[in-house]
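# Observations on the three-dimensional arrangement
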Amino acid sequence: MAELTVLGIETSCDETAAAVVRLPEAGPAVVLSSVVASQAAEHAPFGGVVPEIAARAHVEIIDDVIRQALDQANTRLDDLSGVAATAGPGLVGGVMVGLSAGKAIALARGLPLAAVNHLEGHALSPRLGAALDYPYLLLLVSGGHCQLLDVEGVGQAIRLGSTIDDAAGEAFDKIAKVLGLGYPGGPALEALAEGGDVSRFKLPRALLGRKDCDFSFSGLKTAAARLAEGLTEDKDRRDLAAAVQAAIAGQLAERTDRAMAAYAETHGDRPLRFAVAGGVAANRLVRARLEDTAARRGFSFAAPPLAYCTDNAAMIALAGAERLRAGLADRMDAAARPRWPLDEAAAAANPTHKPGRKGAKA
Ligand code: KG4
Ligand code: ZN
């Protein structure tokens with residue numbers, strides 16, 4: 001098994017990102033560079049991601065971002081063993097920009113291409129720079145997705161549960177918006193919640209005690225929006241933000257606890273490992289509640305460094321490197337896919353489960 005050095009490209013939403021990751025013969029991957037150019041400022045006036053603006057902005061800076069990633073990694077195109085680019089799910093105009101750039105480099109240099117599922121990037125991100133072996137139970141919580149997965153290996157994720165309406169990050173973003181906070185709302189809501197009184201506002205606790213591993217955030221979103229109306233004092237908004245954050249973290253922990261119990265029952269012979277990934281994993285209360293839950297259930301706990309929770313290309317390069325090592329290279333006609341469930345069999349068998357956000361981060 002030779003060492004692999006892979007360029008990763010990510011353009012599925014509002015970050016233009018490129019990274020170089022080295023996968024040694026043995027041991028965890030090393031991130032040689034990770035460049036993320038956020039378009040947040042360009043979308044902020046609209047309170048969300050505007051697909052046309054996103055696609056154009058990717059085109060304008062993709063070459064520069066790739067060059068910076070190679071420079072910072074002190075790597076030339078000739079040093080690469082392969083190219084990985086996000087092929088979906090996401091805003092298809094943006095996905096096409098990064099995927100075309102990846103194909104062009106691969107074609108020009110005769111390198112293998114990995115057309116990576118963005119969700120697999122997130123799913124493998126806890127392995128960036130840390131020793132986390134397969135298999136593990138994963139909570140993937142981002143702006144577009146909220147799923148519990150049994151990650152058996154690269155290309156092998158089995159969905160145990162998912163949201164039946166909104167994703168957790170979507171709930172953070174929408175409630176932040178009614179509280180008058182900017183986009184993306186998650187980090188702003190976390191900052192506002194600091195020092196707030198969590199017990200003052202009562203919010204609904206969805207699906208509590210249900211035996212499956214699904215999530216639901218729409219009731220919480222509606223209740224919080226109603227409570228937010230008419231709040232003018234800073235202290236009131238702080239208390240509501242604290243209650244919302246606690247409710248989201250609480251549901252994530254409760255459903256994960258349920259999944260851990262089921263996982264331990266089915267796979268009691270294995271080392272029990274848990275990991276969390278995705279933008280919402282950057283939230284400190286969410287992490288703390290999950291770490292706690294893992295400890296009580298006898299699971300080890302892993303989470304990527306904060307920079308690899310939100311969208312980045314290092315996770316795409318890692319997933320690509322692992323795919324190439326497993327002999328899973330893609331053809332040059334690999335398509336950009338707006339929708340692409342990680343566990344396609346589960347998605348087909350249970351279509352009532354929505355991936356979460358419709359549009360921007362779907
Ligand atoms: O993984 P990500 O960058 O993009 C998707 O693939 O969706 O996740 C973005 C989401 C947004 O909804 C954002 O509000 C949320 O992650 N997020 C947070 C925090 N940082 C990012 N939510 C809560 N607390 C945070 N600190
Ligand atoms: Zn993402």
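Coordinates for the structure precede this section.
A few points on the structure. Note that this is a predicted model, so its numbers are computed, not measured. (Residues numbered from 1 in each chain as written. Chains lettered and ligands numbered in written order. Predicted model: local features only at pLDDT ≥ 70, side-chain atom pairs only at ≥ 80, totals over all residues. Heavy atoms only, no water.)

## Structural notes on the overall build of the chain
Which entries qualify depends on this criterion: A run of H or I in DSSP counts as a helix once it spans at least four residues, and a run of E counts as a strand once it spans at least two, with each numbered from the N terminus. In this description the radius of gyration comes from C-alpha coordinates, and the expected globular size is given by 2.2 Å times residues to the power 0.38. Exposure classes here rest on a 1.4 Å probe applied to the protein chains alone. A residue is buried below 20% of its type maximum, exposed above 50%, and partly exposed in between. Residues count as neighbours in contact if any of their non-hydrogen atoms are within 4.5 Å of one another. Using a 1.4 Å probe, accessible areas were evaluated by the Shrake-Rupley method; residue-level cover was limited to the displayed protein chains.
Within the chain one finds 11 helices and 10 strands. Here the chain has a C-alpha radius of gyration of 20 Å; the compact-globule value for 362 residues is 21 Å, and the two agree. Once the C-alpha set of the chain is aligned to its principal axes, its extents read approximately 60 × 50 × 35 Å. Residues classed as buried in the chain amount to 56% of the 362 residues present. Across the chain, contacts joining residues at least 24 apart in sequence account for 74% of those joining residues at least 6 apart. Accessible surface, the chain as shown: approximately 14,700 Å² in total, 53% of it carbon and sulfur.

## Observations regarding the pattern of salt bridges
Cut-off, in case you're wondering: For this document, the term salt bridge refers to a Lys or Arg side-chain nitrogen within 4 Å of an Asp or Glu carboxyl oxygen.
In this structure the tally under the stated criterion is 24 salt bridges. Arg284 is paired through a salt bridge with Glu190; the nearest N and O atoms lie 3.1 Å apart. Separated by 94 residues along the polypeptide, Arg284 in helix 9 (residues 284-297) and Glu190 in helix 6 (residues 185-193) bring together distant segments of the chain. A salt bridge links Arg200 to Asp239; the nearest nitrogen and oxygen atoms lie 2.8 Å apart. Taken together, the residues Arg200 in the loop between helix 6 and helix 7 (218-228) and Asp239 in helix 8 (residues 234-266) connect sequence positions 39 residues apart.

## Let's talk about the coordination of the zinc ion (ligand 2)
The test is simple: Note on donors: an N, O or S atom is included if it sits within 2.8 Å of the metal, or within 3.2 Å for Na, K and Ca, and water is never included, so sites can look incomplete. Under this scheme a four-donor centre is tetrahedral when all angles range from 85 to 135 degrees, a four-donor centre is square planar and a six-donor centre octahedral when opposite donors are above 155 degrees with the rest from 65 to 115, and any other centre is irregular.
Looking at the zinc ion (ligand 2), one finds its protein donor set to be His118 (NE2), His122 (NE2) and Asp311 (OD), positioned 2.0 to 2.1 Å from the metal centre. Geometry at the zinc ion (ligand 2) is tetrahedral, judged from the four donor atoms that bind it and their angles of 95 to 133 degrees at the metal. Along the chain, the residues donating to the zinc ion (ligand 2) are arranged with the sequence spacing H-x3-H-x188-D. Highlighted residues: His118 in helix 4 (residues 118-124) and Asp311 in the loop between strand 10 (300-302) and helix 10 (314-325), separated in sequence by 193 residues. Taken as a pair, His118 and Asp311 share a single burial class, namely buried.

## Looking at the side chain of Arg255
Put simply, the test is: Pairs of N or O atoms within 3.5 Å make up the polar contacts considered here, provided that, within protein, one atom can donate a hydrogen while the other can accept it, and that residues adjacent in sequence are counted only when both atoms are side-chain atoms.
Among the structural elements, Arg255 can be located in helix 8. By relative accessible area, which is 0% here, Arg255 ends up buried. Separated by 2.6 Å, the side chain of Arg255 and the backbone oxygen of Arg210 make a polar contact. The residues touching Arg255, leaving out its near neighbours within four places in the chain, are Leu148, Leu207, Gly209, Arg210, Asp212, Cys213, Asp214 and Phe215.

## Description of the nonpolar core
Applicable threshold: Think of a nonpolar core as a cluster: buried Ala, Val, Leu, Ile, Met, Phe, Trp, Tyr and Cys residues, connected wherever their side-chain atoms sit within 4.5 Å.
Counting 46 residues, the largest nonpolar core has Leu139, Leu179, Leu189, Phe217, Ile248, Leu252 and Phe274 as the members making the most contacts within it. Counting only elements with at least two residues in this core, the list comes to strand 6 (136-141), strand 7 (146-153), helix 5 (168-178), helix 6, helix 7, helix 8, strand 9 (273-277) and helix 9. Excluding its chain neighbours within four sequence positions, the residues that come into contact with Leu189 are Phe172, Ile175, Ala176, Leu179, Leu181, Ala241, Val244 and Gln245. Core analysis: the second largest hydrophobic core is formed by 36 residues, Val154, Ala302, Ala313 and Leu318 among them.

## Here's the deal with the packing of helix 2 (residues 51-72) against helix 3 (residues 92-109)
For any two helices packed against each other, one specifies the inter-axial angle together with the distance between the axes. Operational definition: A fitted line through C-alpha atoms serves as each axis, taken over the contacting stretch for helices, and the angle formed by two N-to-C directions is quoted from 0 to 180°. Any angle that falls under 35 degrees is termed roughly parallel, while one over 145 is termed roughly antiparallel, one within 65 to 115 roughly perpendicular, and all others oblique. The crossing is said to be left-handed when, going from far helix to near helix, the turn is anticlockwise and less than a right angle, and right-handed when the turn is clockwise. When residues are sorted by character, Ala, Val, Leu, Ile, Met, Phe, Trp, Tyr, Cys and Pro go into the nonpolar class, Asp, Glu, Lys and Arg into the charged class, and all the rest, Gly among them, into the polar class.
Packing of helix 2 against helix 3 leaves a shortest axis separation of 9 Å and a crossing angle of 30 degrees. It follows that helix 2 is roughly parallel to helix 3 by the angle criterion. Considering the relative orientation of helix 2 and helix 3, their crossing is right-handed. Every residue of helix 3 that contacts helix 2 at Ala55, His58, Val59, Ile62 and Ile66 is listed here: Gly93, Gly94, Val97, Gly98, Ala101 and Ile105. By residue class, the composition of the contact of helix 2 with helix 3 is seven nonpolar, four polar and no charged.

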